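In case you want the letters, here they are:
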Amino acid sequence: MATKVISGFPAIGKTYAARNSNFMCVDCDSSQWNWLTDPNGDFLKTDNGARIPNPAFPQNYIDHIKFQMKHDFLDFVFVSSHENVRQCLQQNYIDFTMVVPALNCKKEYYKRMQQRESPASLIELVMEHWNLWLIDRQLEPNCYVLNQGQTLSDILHLWKTQ
């Protein structure tokens, strides 16, 4: 099986699946590429404490994804679902499957994000844009919608033989 790229909505279980799946997976967290860092890997910040965006993003992230895809032993590469990342994946001819929760899972995802100790600002942002972002992502040509209680780990087997 060729390495499959999964563009996943926040809190679907990308990190958990990468660490615990029977498949060979890597979770490419976009925050490592989206922000400028110092040599120690700490985020560079403005005087008011805001992170400084990396002007090379998202192409630097796409280049990292391409590098990961070259590893023949990987079954899955999990990536961000940000719109600019999805557009850049398409521009670079990288096929991906979008995985999102169903619209009626908002409370479940609020709890998931709290349990994984996501920053309050991220939880607020996702909850505020829930319907808009999910409807937008479900328009992707290859989108899988998770039902209540499902996580990414529950569906990886669907692509095992593809």
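For the structure, check the block above.
Please read these numbers as outputs of a predicted model, since none were measured by experiment. (Residues numbered from 1 in each chain as written. Predicted model: local features only at pLDDT ≥ 70, side-chain atom pairs only at ≥ 80, totals over all residues. Heavy atoms only, no water.)

Participant: I'm lost on a nonpolar patch on the surface in this one. Help?
Facilitator: Together, L103, I135 and L139 make up an exposed nonpolar region whose accessible area comes to about 300 Å². If you trace the backbone, I135 turns up in helix 7 (residues 130-138). Residue class for I135 comes out partly exposed when judged on its relative accessible area of 45%. (Patch = residues over 30% accessible without salt bridge, like charges linked within 9 Å, V, L, I, M, F, W, Y side chains within 5 Å. Areas by Shrake-Rupley, 256 points an atom, 1.4 Å probe, with all protein chains shown as cover. Salt bridge = Lys/Arg side-chain N within 4 Å of Asp/Glu carboxyl O. Helix = DSSP H or I, 4+ residues; strand = E, 2+ residues; numbered from the N terminus. Buried < 20%, exposed > 50% of the residue type's maximum accessible area, 1.4 Å probe, protein only.)

Participant: Where do I start with the nonpolar core in this structure?
Facilitator: As a rule of thumb, nonpolar side chains are buried together in soluble globular proteins. Core analysis: the biggest nonpolar cluster contains 26 residues, and F76, F78, V99, Y109, W130, L152 and L156 have the highest contact counts within it. At the level of secondary structure, the elements contributing two or more residues to this core comprise strand 3 (76-79), strand 4 (96-101), helix 5 (106-115), helix 6 (120-128) and helix 7. Those residues within four positions of Y109 in sequence are excluded, and the remaining contacts are P10, A11, I12, P101, M127, W130, L146 and Q150. Among the nonpolar cores identified, the runner-up in size contains 15 residues, and L74, V77, V79 and C88 belong to it. (Core = buried A, V, L, I, M, F, W, Y, C linked by side-chain atoms within 4.5 Å. Contact = heavy atoms within 4.5 Å.)

Participant: Whenever I open this one, the sheet that holds strand 2 (residues 25-27) confuses me. Can you help?
Facilitator: Strand pairing in a sheet relies on backbone hydrogen bonds, with the paired strands running either antiparallel or parallel. Across the sheet, five strands lie side by side as 2-3-1-4-5; this open sheet has parallel pairing. Strands at the two margins of the open sheet, each flanked by one partner only, are strand 2 and strand 5 (143-146). Sheet twist, expressed as the mean angle between neighbouring strand axes with direction ignored, is 25 degrees. The strands touched by helix 3 (residues 59-69) within the sheet are strand 1 (4-8), strand 2 and strand 3, with strand 3 carrying the most contacts at an inclination of about 165 degrees. Its contacts with the sheet place helix 4 (residues 83-91) against strand 1, strand 3 and strand 4, and it is angled at close to 160 degrees to strand 4. (Pairing = 2+ DSSP bridges. Axes fitted to C-alpha atoms, helices over the stretch in contact; angles between N-to-C directions.)

Participant: What exactly am I supposed to notice about the environment of P101 here?
Facilitator: Relative to the helices and strands, P101 resides in strand 4. Considered as a pair, P101 and Q150 are 49 residues apart in the sequence and their alpha carbons are 8.3 Å apart. Those residues in contact with P101 that lie beyond four places of it in its chain are F9, I12, Y109, W130, L134, Q138, V145 and L146.

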